[in-house]
Amino acid sequence: MKRAEFDVIIVGAGPAGLTAGIYVARAGLNAVLYEKLSPGGQAATTDLVENYPGFDRGISGLELMEKMESQARRFGLRIEFKPVDRVYSSDGLHFVRTADGEDNSARAVIVATGAEPNPLGVPGEDALRGRGVSYCATCDGPLYRSGKVAVVGGGDSAVGEAIFLTRFASKVYLVHRRHQLRATKSLQDKALSNDKVEFIWDSVVTRIEGEDSVNSISIRNVRSAKERKLKVDGVFIYVGRKPNSAILDTEVRSDQKGYIITNEHMETSVKGLFAAGDVRSKLLYQIATAVGDGATAAYAVEKSIAG
Ligand code: NAP
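Throughout what follows, the structure given in this document is the object of discussion.

Calculation criteria
Residues numbered from 1 in each chain as written. Predicted model: local features only at pLDDT ≥ 70, side-chain atom pairs only at ≥ 80, totals over all residues. Heavy atoms only, no water. Patch = residues over 30% accessible without salt bridge, like charges linked within 9 Å, V, L, I, M, F, W, Y side chains within 5 Å. Areas by Shrake-Rupley, 256 points an atom, 1.4 Å probe, with all protein chains shown as cover. Salt bridge = Lys/Arg side-chain N within 4 Å of Asp/Glu carboxyl O. Lys, Arg positive; Asp, Glu negative; His and termini not counted. Charge placed at Lys NZ, Arg CZ, Asp CG, Glu CD. Helix = DSSP H or I, 4+ residues; strand = E, 2+ residues; numbered from the N terminus. Buried < 20%, exposed > 50% of the residue type's maximum accessible area, 1.4 Å probe, protein only. Phe/Tyr/Trp six-rings, centres within 6.5 Å; stacked < 30°, edge-to-face > 60°. Lys NZ or Arg CZ within 6 Å of the ring centre and 35° of its normal. Core = buried A, V, L, I, M, F, W, Y, C linked by side-chain atoms within 4.5 Å. Contact = heavy atoms within 4.5 Å. Near = heavy atom within 4 Å. Polar contact = N/O pair within 3.5 Å; in protein donor to acceptor, adjacent residues only side chain to side chain. Nonpolar A, V, L, I, M, F, W, Y, C, P; charged D, E, K, R; others polar. Domains from an automatic or database assignment. Disulfide = S-S within 2.5 Å. 1 Å grid on protein atoms, 1.4 Å probe; cavity = no way out; pocket = protein on both sides within 12 Å on 5 of 7 lines; lining within 4 Å. Points joined across faces, edges and corners; volume = space filled by probe spheres on them.

## Quick look at a positive patch on the surface
Okay, step 1: Positive charge collects at one region of the surface, where Arg-177, Arg-178, Arg-182 and Lys-257 lie side by side.
Okay, step 2: Inspection of the secondary structure assignment puts Lys-257 in the loop between β16 (241-243) and β17 (273-275).
Okay, step 3: The class for Lys-257 is exposed, based on a relative accessible area of 67%.

The following block contains the structure:
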């Protein structure tokens, strides 16, 4: 049997992966963390994180994630910026293939690849992506100074980012398919009392229009079936997420939506394969719970390696 090069490979540098990295590096394990883009994951694109304990006035998602990264590096965690194509298991070892063709093995792998935004799936969305269609208000919001934008969705992301966008835009339409928001009450209250936010209830976007960039969206009221056009310069889509679990080339138990099922030690149905954070099937998808997942997975790996 081939010898494992690493004790543990972590995939993904969001809150779960970086926390796992802090723990395994402190424990002196031979570890590497692969991240495809930049550290921080979805959390880094959140304008203000108000519910992560320890920051009584809130903290920007980017700053929080930069702190986690520098903490992990301080303990000597090796972080490499390489996309991972495939995670698979053979002969009791686990392999991680990176886009440059390297196949590295480890005694354990922690998959902390998070989730990514769902597309809305309407005409115009793909063609105008990056030209008015966005999935990241923190990244693109400042482009809409004094403009009019629409946000689609009714969850924490949609409502939180609609509030953020009022810093730049003169008007933010929040288009939601029901008359009740899914977002937490505190976010709802903030949005409902913000004069710049106009709620368009019981409505779905049927088309995004524009030549070079977005100039309007068509919306249909699902109760009256009436269609109308709304002039906007940008549209931000926050209609839920899907797990980034496609790299797993091993039969792992997952739920109907593809989120990986683990036990309370973050172990998947395959021995030595762990999952942590938003890629995992669980009740609450938050930075606080991702951090807990990462710490638990790292500790479980440490125990399993010690035998
Ligand atoms: P979410 O909670 O799943 O909300 C998705 C929203 O999109 C729902 O309002 C849903 O409508 C709507 N939607 C889904 N498919 C749609 C479609 N095809 N057309 C129109 N609308 C559609 O997703 P999320 O807001 O991204 O949040 C994901 C997780 O991250 C949640 O657990 C959330 O609590 C967490 N999160 C937390 C924070 C925070 O604490 N500050 C910030 C961001 C995210 P319905 O309501 O009708 O289903």
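## Some details on the packing of aromatic side chains
Each pair of aromatic rings is reported with the distance of its centres and the angle of its planes.
Okay, step 1: Overall, the coordinates contain six aromatic pairs when judged by the stated rule.
Okay, step 2: Relative to Phe-95, the ring of Tyr-88 lies with its centre 5.2 Å away and its plane at 15°, an arrangement referred to as stacked.
Okay, step 3: Ring geometry for Phe-199 and Trp-201: centres 4.8 Å apart, planes at 10°, overall stacked.
Okay, step 4: Judged by relative accessible area, which is 16%, Phe-199 ranks as buried.
Okay, step 5: On the accessibility criterion, Trp-201 (22% relative accessible area) is partly exposed.
Okay, step 6: Over the ring of Phe-75 we find Arg-74, and its NZ or CZ is 4.8 Å from the ring centre.
Okay, step 7: The ring of Tyr-88 carries Arg-86 above its face, with NZ or CZ at 3.9 Å from the centroid.

## A short note on the nonpolar core
Okay, step 1: Counting 37 residues, the largest nonpolar core has Val-8 and Ile-110 as its most contacted members.
Okay, step 2: Counting only elements with at least two residues in this core, the list comes to β1 (6-11), α1 (15-26), β2 (31-35), α2 (61-74), β6 (103-111) and α6 (287-306).
Okay, step 3: Ranked by the residues each element gives to this core, the list is headed by α6, at eight residues.
Okay, step 4: Once residues within four sequence positions are removed from consideration, Val-8 is found in contact with Val-24, Leu-29, Asn-30, Ala-31, Val-32, Ala-106, Ala-108, Ile-110 and Val-301.

## Quick word on the site of the ligand
Okay, step 1: Not every one of the 17 residues close to the ligand is listed here, only the nearest: Gly-154, Asp-156, Ser-157, Arg-178 and Arg-182.
Okay, step 2: At 2.6 Å from an oxygen atom of the ligand is found a side-chain nitrogen or oxygen belonging to Asp-156.
Okay, step 3: Out of a free accessible area of 920 Å², the ligand has 75% covered by protein chains.
Okay, step 4: By residue class, the composition of the shell around the ligand is four nonpolar, eight polar and five charged.
Okay, step 5: Two domains each donate at least three residues to the shell around the ligand, and these are domain 1 (6-116 + 241-306) and domain 2 (119-237).

## Quick notes on the state of the cysteines
Okay, step 1: Taken as a whole and assessed by the stated rule, the structure comprises one disulfide.
Okay, step 2: At a sulfur-sulfur separation of 2.0 Å, the disulfide partner of Cys-136 is Cys-139. Taking the sign of the torsion about the S-S bond as the criterion, the disulfide between Cys-136 and Cys-139, at about 75°, is right-handed.
Okay, step 3: Residue Cys-136 is classed as buried on the basis of its relative accessible area of 11%.

## Focus on the layout of surface pockets
The gaps left among the atoms become clear once a water-sized probe is rolled over them.
Okay, step 1: In this model, the second largest pocket occupies a volume close to 260 Å³.
Okay, step 2: Contributing to the lining of the second largest pocket are 11 residues, with Gly-92, His-94, Arg-107, Lys-271 and Gly-272 lying nearest its centre.
Okay, step 3: Those elements that place two or more of their residues in the lining of the second largest pocket are β5 (93-98) and α6.
Okay, step 4: Here the lining of the second largest pocket is built from residues that sort into four nonpolar, four polar and three charged.

What is shown is where atoms sit, not what they do.
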